[in-house]
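Summary of structural features
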Amino acid sequence: MMDVKKILLIGGTDPSGGAGVVLDSFIAAELNAFPYAVVTAVIAQSSTGVFAIQKLDTEIIEAQLEAVLSEGGIAAVKSGVLHSKEAILVLSTTLERLLDIPFVLDPVLVSSSGTKLLSEDGIGFLKERLFPKATIVTPNLEEAEALSKIKIDSQADIKRAADIILESGPKWVLVKGGHLEGDYALDYLFGEQDAVFALPRIERGEDVRGTGCIFATSLAVNLLNRKEVAEAVQLAKENTLNKIRSALHIGRGRPQISFIR
């Protein structure tokens, strides 16, 4: 029988396919991992922005998780949008049944169009309940500021923010520094060892939708495939860069990833 590698993806929807568990599923499948997608929020969005959000009740989130757990064999978890303390608690309880597998936590606090997705109280609960269970947390600069409560203006500030985040319990923190100025897109890894990852900046990179989803899901699949953390980050960064290069203006707004060949 074929050995199918299964990954559990948790987050919001995007009917236009540019972000969330829809995009996560595309990425995972392309990397030869079978995606189980659990929806936490139905988000009406397009390439131009977010129009409405319907947060799902805890009961249906829990029921989805129970359904996929009953299939067995989940080898990695990646979470995105978690809109409430109740949703965070449900996932925290679920992870206690999924021991010794990679868990990539992408702390999606605000949508790329600026819509707030988790309250300040919820951020504190996220750090308390899920960070200690995370293999790696992958905030961008804005998210790192929100999680650490410090303003980031330099590489030294990134280190300070990461140290504060590590105090909440994740094994690793990867701060995505793509919005810092310079010719290279720099990401900063902190944990058992520190590392900086640099790839040439693509001018359109900041405009492409879903880059955080692409990176975190690629990273989770790489860890599922037993790559060391530093190598998993490098490969995820390269995959994200390649996807940015091939992004298309499918809708009327920002470019997004296309899987049409």
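Right above here is the structure, for reference.
This one's a predicted model, so the numbers in the text were calculated from it and none came from an experiment.

**Brief notes about the overall build of the chain**
Of the regular secondary structure elements, the chain holds eight helices and nine strands. Against the globule reference of 18 Å for 261 residues, the chain gives a C-alpha radius of gyration of 17 Å, in line with a compact fold. Along the longest, intermediate and shortest principal axes, the C-alpha atoms of the chain span 45 × 45 × 40 Å. Counting across all 261 residues of the chain, residues that qualify as buried make up 52%. Counting only carbon and sulfur atoms, one obtains 52% of the accessible surface of the chain, whose full area is about 12200 Å². With 27 positive and 34 negative side-chain charges, the chain shows a separation of 3 Å between the mean positions of the two kinds.

**Brief notes about the environment of Ala144**
Tracing the backbone through its elements, the reader meets Ala144 in helix H5 (residues 141-148). With a relative accessible area of 0%, Ala144 lands in the buried category. Taking the C-alpha atoms as reference points, Ala144 and Ile165, separated by 21 residues in sequence, lie 7.9 Å from one another.

**Some points on helix H2 (residues 58-69)**
Across its 12 residues, H2 extends 16 Å between first and last C-alpha, which sits within 8% of the 16 Å expected from 1.5 Å per residue. Residues of H2 that are buried: Ile61, Gln64, Leu65, Val68 and Leu69. For H2, the angular spread of the buried residues around the axis is 130°, confining them to a single face. Those residues of H2 that are buried are in contact with strand E1 (6-12), strand E2 (34-46), strand E4 (74-79) and helix H3 (85-95).

**Quick look at the sheet that holds strand E5 (residues 103-105)**
Taken in spatial order, the nine strands make up an open sheet running E3-E2-E1-E4-E5-E6-E7-E8-E9, and their pairing is mixed. Bordering the open sheet on either side are strand E3 (49-55) and strand E9 (195-200), each of which pairs with just one other strand.

**A look at the environment of Lys171**
Residue placement: Lys171 occurs in the loop between helix H6 (155-166) and strand E7 (172-176). According to the relative accessible area criterion, Lys171 is exposed, its value standing at 51%. Sequence separation between Lys171 and Thr135 is 36 residues, and the spatial gap between their C-alpha atoms is 5.2 Å.

**Points about helix H7 (residues 211-224)**
Given a rise of 1.5 Å per residue, 14 residues ought to cover 20 Å, and the 20 Å separating the end C-alpha atoms of H7 matches this to within 8%. Residue Arg226 follows H7 closely and has a positive phi angle near 65°.

**Structural notes on the nonpolar core**
Counting 41 residues, the largest nonpolar core has Leu8 and Leu126 as its most contacted members. For this core, the leading source of residues is H3, giving five residues. The contact partners of Leu126, leaving out residues within four places of it in the chain, are Leu82, Ile88, Leu105, Pro107, Leu109, Leu118 and Phe131. Core analysis: the next-biggest nonpolar cluster, separate from the first, contains 22 residues, Trp172, Leu174, Ala220 and Val221 among them.

**Considering the layout of surface pockets**
Roughly 700 Å³ of internal volume is contained in the second largest pocket. Looking at the lining of the second largest pocket, the elements with two or more residues in it are H7 and helix H8 (229-245). Taken together, the residues of the lining of the second largest pocket sort by class into 14 nonpolar, three polar and 10 charged.

Rules behind the numbers
- Residues numbered from 1 in each chain as written.
- Predicted model: local features only at pLDDT ≥ 70, side-chain atom pairs only at ≥ 80, totals over all residues.
- Heavy atoms only, no water.
- Helix = DSSP H or I, 4+ residues; strand = E, 2+ residues; numbered from the N terminus.
- Rg over C-alpha atoms; globule rule 2.2 N^0.38 Å.
- Buried < 20%, exposed > 50% of the residue type's maximum accessible area, 1.4 Å probe, protein only.
- Areas by Shrake-Rupley, 256 points an atom, 1.4 Å probe, with all protein chains shown as cover.
- Lys, Arg positive; Asp, Glu negative; His and termini not counted.
- Charge placed at Lys NZ, Arg CZ, Asp CG, Glu CD.
- Expected span 1.5 Å × (residues − 1).
- Arc of directions from axis to C-beta.
- Contact = heavy atoms within 4.5 Å.
- Pairing = 2+ DSSP bridges.
- Core = buried A, V, L, I, M, F, W, Y, C linked by side-chain atoms within 4.5 Å.
- 1 Å grid on protein atoms, 1.4 Å probe; cavity = no way out; pocket = protein on both sides within 12 Å on 5 of 7 lines; lining within 4 Å.
- Points joined across faces, edges and corners; volume = space filled by probe spheres on them.
- Nonpolar A, V, L, I, M, F, W, Y, C, P; charged D, E, K, R; others polar.

This is a description of form; function is not addressed.
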